[in-house]
Amino acid sequence: RTDLPLVPVRELLAGLVGLREGDEPLEARRKIAGALLLADPQLQSDLPGIFGFFGVADPDRPAPTAEPGSLEQQLVRIAELLLRASVERGPMIVLIEDVHWCDAPSEAVLVRLRSRVPERALLWLENARPGASDALLRGAQLLALAPLGPEAVEALLDDLLGSDATLAAIKRAIRARAAGNPFFVEELVLAA
C-alpha cells in the first residue's frame, strides 16, 4: 500500500536475511548482521541504519541521520549483495506481490534492483493489477490473466459452496459481482 513506505523492499530483505514475524529485536539484529557481514564485511557501518529500517534499532548504536535518497541507494546495494550471495548457494525465485500498491521509494528501489540482479539462477516475478506504474512494467514480460470462464466459476462455486440446488440464487449473484475474478468469488462466498 502507498501509505506504508518501502514495505515490498522490507519484505524482500527480511526474506533474504531470514527474519521471521515475532523475532525479538536482539535476534533480528543478529540475523541481519550475520547475513550482511557474510555478504560483505564492509557493511559493518551500514548496520545501525538497517537495524533502524527494520524497526529493531540498537540502543547502543543509533543510526546516523541519513541524507535524502541515501536510504534507497543503500537498500539497492544491500539487496543486490544479498541476492548475489543467495544465488551463489543455488537457484532462487523472488516474488514481489501487488506492485500496483508500491510507494515511490519502493518503486525506485525495485526498478533499480531489478536491473542489477543476477541473470542466472534467479527468477524475478512481480504481480500487479492494471494501473501499475509504467516504470515498474517497463522491460517486464507481461502475462495477462483473463477472467475465469462461466464453467470455471461454477466449478469454483461448487467447490466452495457445494452443488445443492437451493444455492442457485446466491451463486448467480456471486457470478455477476465477481466478473470471473477467482479472488472476488472466494471473498464474496466468505461474505455471504
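Predicted, not measured: the structure shown is a model, and the values here were computed from it.

Visitor: In this structure, what is going on with a nonpolar patch on the surface? I would like to understand it.
Guide: On the surface, Ile93, Leu95, Leu123 and Leu125 cluster together into a nonpolar patch covering about 370 Å² of accessible area. If you list the elements that add at least two residues to the nonpolar patch, you get strand E1 (92–96) and strand E2 (122–126). Assessed through its relative accessible area of 35%, Leu125 is described here as partly exposed.

Visitor: Would you take a moment to explain helix H4 (residues 70–89) for this structure?
Guide: Residue pairs three or four apart in sequence face the same way in an α-helix, which turns once every 3.6 residues. Its 20 residues place the ends of H4 29 Å apart at the C-alpha level, agreeing with the 28 Å of an ideal helix rising 1.5 Å per residue. The inward-facing, buried residues of H4 contact helix H1 (7–17), helix H2 (25–39), helix H3 (47–53), E1, helix H5 (104–114) and E2. Taken from the residues just after H4, Gly90 is the one with a positive phi, measuring 155°.

Visitor: Whenever I open this one, unusual backbone geometry confuses me. Can you help?
Guide: Glycine aside, residues mostly have negative phi angles, and peptide bonds mostly take the trans form. One non-glycine residue with positive phi stands out, namely Asp98, at about 55°. Assignment of secondary structure puts Asp98 in the loop between E1 and H5.

Visitor: What is the right way to read the nonpolar core from this model?
Guide: Within soluble globular proteins, side chains that are nonpolar tend to cluster in buried spots. Ranked by size, the top nonpolar core spans 39 residues in total, and within it Leu13, Ile32, Leu36, Phe54, Leu83 and Trp124 carry the most contacts. For this core, the elements supplying multiple residues, two or more each, are H1, H2, H3, H4, E1, H5 and E2. Broken down by element, this core gets its largest block of residues, 7 residues, from H4. If we skip the residues at most four places from it in the chain, Trp124 touches Leu12, Leu83, Val94, Ile96, Leu110, Leu113, Arg114 and Val117. By size, the runner-up hydrophobic cluster in this structure holds 8 residues, among which are Val153, Leu156, Ile174 and Val189.

Visitor: I'm lost on H1 in this one. Help?
Guide: Burial in H1 covers these residues: Pro8, Val9, Leu12, Leu13, Ala14, Leu16 and Val17. Buried residues in H1 make contact with H2, H3, H4, E1, H5 and E2. Phi turns positive, to about 85°, at Gly18, one or two residues after H1.

Visitor: Quick question: what am I supposed to make of the packing of aromatic side chains here?
Guide: The geometry of an aromatic ring pair is captured by the separation of the ring centres together with the interplanar angle, meaning the angle of the planes. As enumerated under the stated definition, the model contains 2 aromatic pairs in all. Measuring from ring centre to ring centre gives 5.3 Å for Phe53 and Phe54, while their planes differ by 70°; the resulting arrangement is edge-to-face. In this structure Phe53 comes out as buried when scored by relative accessible area, which is 8%. When the ring centre of Phe53 is taken as reference, the NZ or CZ atom of Arg10 above it lies at 4.4 Å.

Visitor: How should the packing of H2 against H4 be read in this particular structure?
Guide: When two helices pack together, their arrangement is given by the angle between the helix axes and by the axis-to-axis distance. Axis separation between H2 and H4 bottoms out at 9 Å; the angle between their running directions is 80°. Here H2 is positioned roughly perpendicular relative to H4, judged by the angle of their axes. Seen from H2, the contacting residues are Ala35, Leu36 and Ala39; seen from H4, they are Ile78, Leu81, Leu82 and Ala85.

Visitor: Can you walk me through the pairing of E2 in this structure?
Guide: For a regular strand, the rule is simple: side chains alternate between the two faces of the sheet. Direction of pairing for E1 relative to E2: parallel, over a ladder of 5 bridges. Along E2, the bridge assignment pairs Val94 with Trp124.

Visitor: Which parts of the structure should I look at to understand the pattern of salt bridges?
Guide: Here the idea is simple: oppositely charged side chains can pair when their charged atoms come close. If you walk through the whole model with that rule in mind, you get 9 salt bridges. Salt-bridge contacts for Lys31 lead to Asp23; the nearest nitrogen and oxygen are separated by 2.9 Å. For Lys31, a relative accessible area of 17% corresponds to the buried category. Residue Glu80 pairs with Arg116 through a salt bridge whose shortest N-O separation is 3.8 Å. Highlighted residues: Glu80 in helix H4 and Arg116 in the loop between H5 and E2, separated in sequence by 36 residues. Accessibility expressed as a relative area gives 38% for Arg116, which makes it partly exposed.

Each value, and the rule that gives it
Residues numbered from 1 in each chain as written. Predicted model: local features only at pLDDT ≥ 70, side-chain atom pairs only at ≥ 80, totals over all residues. Heavy atoms only, no water. Patch = residues over 30% accessible without salt bridge, like charges linked within 9 Å, V, L, I, M, F, W, Y side chains within 5 Å. Areas by Shrake-Rupley, 256 points an atom, 1.4 Å probe, with all protein chains shown as cover. Salt bridge = Lys/Arg side-chain N within 4 Å of Asp/Glu carboxyl O. Helix = DSSP H or I, 4+ residues; strand = E, 2+ residues; numbered from the N terminus. Buried < 20%, exposed > 50% of the residue type's maximum accessible area, 1.4 Å probe, protein only. Expected span 1.5 Å × (residues − 1). Contact = heavy atoms within 4.5 Å. Core = buried A, V, L, I, M, F, W, Y, C linked by side-chain atoms within 4.5 Å. Phe/Tyr/Trp six-rings, centres within 6.5 Å; stacked < 30°, edge-to-face > 60°. Lys NZ or Arg CZ within 6 Å of the ring centre and 35° of its normal. Axes fitted to C-alpha atoms, helices over the stretch in contact; angles between N-to-C directions. Parallel < 35°, antiparallel > 145°, perpendicular 65-115°, else oblique. Pairing = 2+ DSSP bridges.

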